[in-house]
Amino acid sequence: NGGQAADGSSLAVNAYVTIMEEEALAQAEAVQKRIDSGEVLHPLAGVPVAVKDNICTKGTKTTAASRMLNNFIPPYDATVIQRLHSAGAVIIGKTNLDEYAMGGSTETSYYGVTRNPWNLETVPGGSSGGSAAAVAAGFAPYALGSDTGGSIRQPCSFCNLTGIKPTYGSVSRYGLMAYASSLDQIGTMGRNIRDCAEALSVISGYDEKDSTSVMKEAFDFSESFGKNIKELRIGVPKNYFDIGISEDVKASVLEAAKTFESLGASVEEFEIPTIEYAVPAYYIVACAEASSNLSRYDGIKYGYRSGDAKDLLEIFYRSRSEGFGKEVKRRIMLGSFVLSSGYFDAYYKKALQVRGLIKKSFDDAFEKYDVILSPVSPTTAYPIGGQIEDPLAMYLADIYTVSINLSGLPAVALPCGFGKDGMPVGMQLIGKAFSEKTLVKAADEYQ
Ligand code: GLN
């Protein structure tokens, strides 16, 4: 039942917004028929999967965890959902998230907080916290999430999971509710790299319905498992470890670097000089795009409409005031501000220039290294309610993840130990664009 506590207590995991019991049984029966008729299906055929609730599922409510879409039933499937169905996957439910994927703790959902199965008093991370909690609690063997600035990697790190944030353009965004279109990518979350890679090979590849789709073929990881990594050059940005990172996280990630060395990879320290600009540049770009993307929710076409409005302007005004939560409104205001004529040059344009410099600092690093090894989050999972009143602290905690999206790069998050608080620690392997096979190979050898 998705972890609702039987006694109705508030300590439920609350991983799902919608559990698709009947649909899942029907899908499973359909898959069985295909198998009986002799069709050879993907290894993931018949395996259940949980899907983040900002990915459209035809006929099943898709809410983005917002009151605005509380009654929204998409008339079409996202491309990734179509692909899961053709592979024979069985979708069992839609998972909770921060409203419109804006956040890092799954505390801003209209459907209540999701709890971390490793300690129910702590957050599961976010925004794909429902997907992470579902897999960590054993409610689903793997899940889809979306990553705009860390939303796959950080919840994986908080819940001891593996996740892949693929290269921008490798997975179709058709049917993903847009947060920041130039940063959003759908990816996979699971217990190990092999499951995540298999699932990514199903959902990736060209889609004419997404104009930013660039990869001709889907990923094929059949040669990526059980290979040695003796040729692999790993760079560790040492300045990442001097900036407000917890000692436990630092120790676990540096220990992982040693493990890679013992597996035969060469490991070298270097610096990424742009790290301090990542969070400001990201929040300007992300909020600017969000303010534009969210303008479609006007109370007319679909979604929540206020009952009290007397004229058209009041419909817009009241529907948006009542339909959106506090964090979403904060970002719409920030985004509208940085795009406004008086401030565009000072903020938005500057942020785009900085984005270019950040990308360049990664390009430079990949002249020397195949993979960059970095922390995912400066801390382990923190108590529910611990940061939510301090948006700036929440934003700063995204320091290690957002530059990857600003640069369009792929990254794999994987567990690398536990803190003194008993909570999981994650690391990420970052690669050049479309180097997913290298990342998967390295992660597989480590695991
Ligand atoms: N925490 C980041 C934000 O709030 C990332 C969110 C995401 O990747 N969807 O924007």
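Please read these numbers as outputs of a predicted model, since none were measured by experiment.

About the thresholds
Residues numbered from 1 in each chain as written. Predicted model: local features only at pLDDT ≥ 70, side-chain atom pairs only at ≥ 80, totals over all residues. Helix = DSSP H or I, 4+ residues; strand = E, 2+ residues; numbered from the N terminus. Rg over C-alpha atoms; globule rule 2.2 N^0.38 Å. Contact = placed C-beta atoms within 7 Å. Buried ≥ 20, exposed ≤ 12 C-beta atoms within 10 Å, placed from the backbone. Near = placed C-beta within 6 Å. Nonpolar A, V, L, I, M, F, W, Y, C, P; charged D, E, K, R; others polar. Core = buried A, V, L, I, M, F, W, Y, C linked by C-beta atoms within 7 Å.

K.L.:
Explanation requested: the overall build of the protein in the structure shown.
P.N.:
Scanning the protein for helices and strands turns up 13 helices and 11 strands. The C-alpha atoms of the protein give 21 Å as radius of gyration, which agrees with the globular expectation for 447 residues (22 Å, within 12%). When the backbone C-alpha atoms are referred to their principal axes, the protein occupies close to 70 × 65 × 45 Å. Here the analysis covers contacts within the protein between residues at least 6 apart in sequence; of these, 73% occur between residues at least 24 apart.

K.L.:
Please clarify how the environment of Tyr317 should be interpreted in this entry.
P.N.:
Inspection of the secondary structure puts Tyr317 in helix 8 (residues 312–323). What makes Tyr317 partly exposed here is the crowd of 15 C-beta atoms within 10 Å. Spatially, the C-alpha atoms of Tyr317 and Leu352 are 30 Å apart, while their sequence positions differ by 35 residues.

K.L.:
How should I be thinking about the site of the ligand in this particular structure?
P.N.:
Taken together, 13 residues form the shell around the ligand, and within it Ala101, Gly104, Thr148, Gly149 and Ser151 come nearest. Across the shell around the ligand, the residue classes break down as four nonpolar, seven polar and two charged.

K.L.:
Teacher, can you tell me more about the nonpolar core here?
P.N.:
With 132 residues, the main nonpolar core has Val49, Ala143, Ile284, Val371 and Val412 as its most contacted residues. It is helix 7 (residues 275–293) that provides the largest number of residues to this core, a total of 11 residues. Discounting residues that sit within four places of it in the chain, Val49 has contacts with Leu84, Ala89, Val90, Ile91, Ile92, Ala140, Tyr142, Ala143 and Leu144.

Geometric values such as these leave the question of function open.
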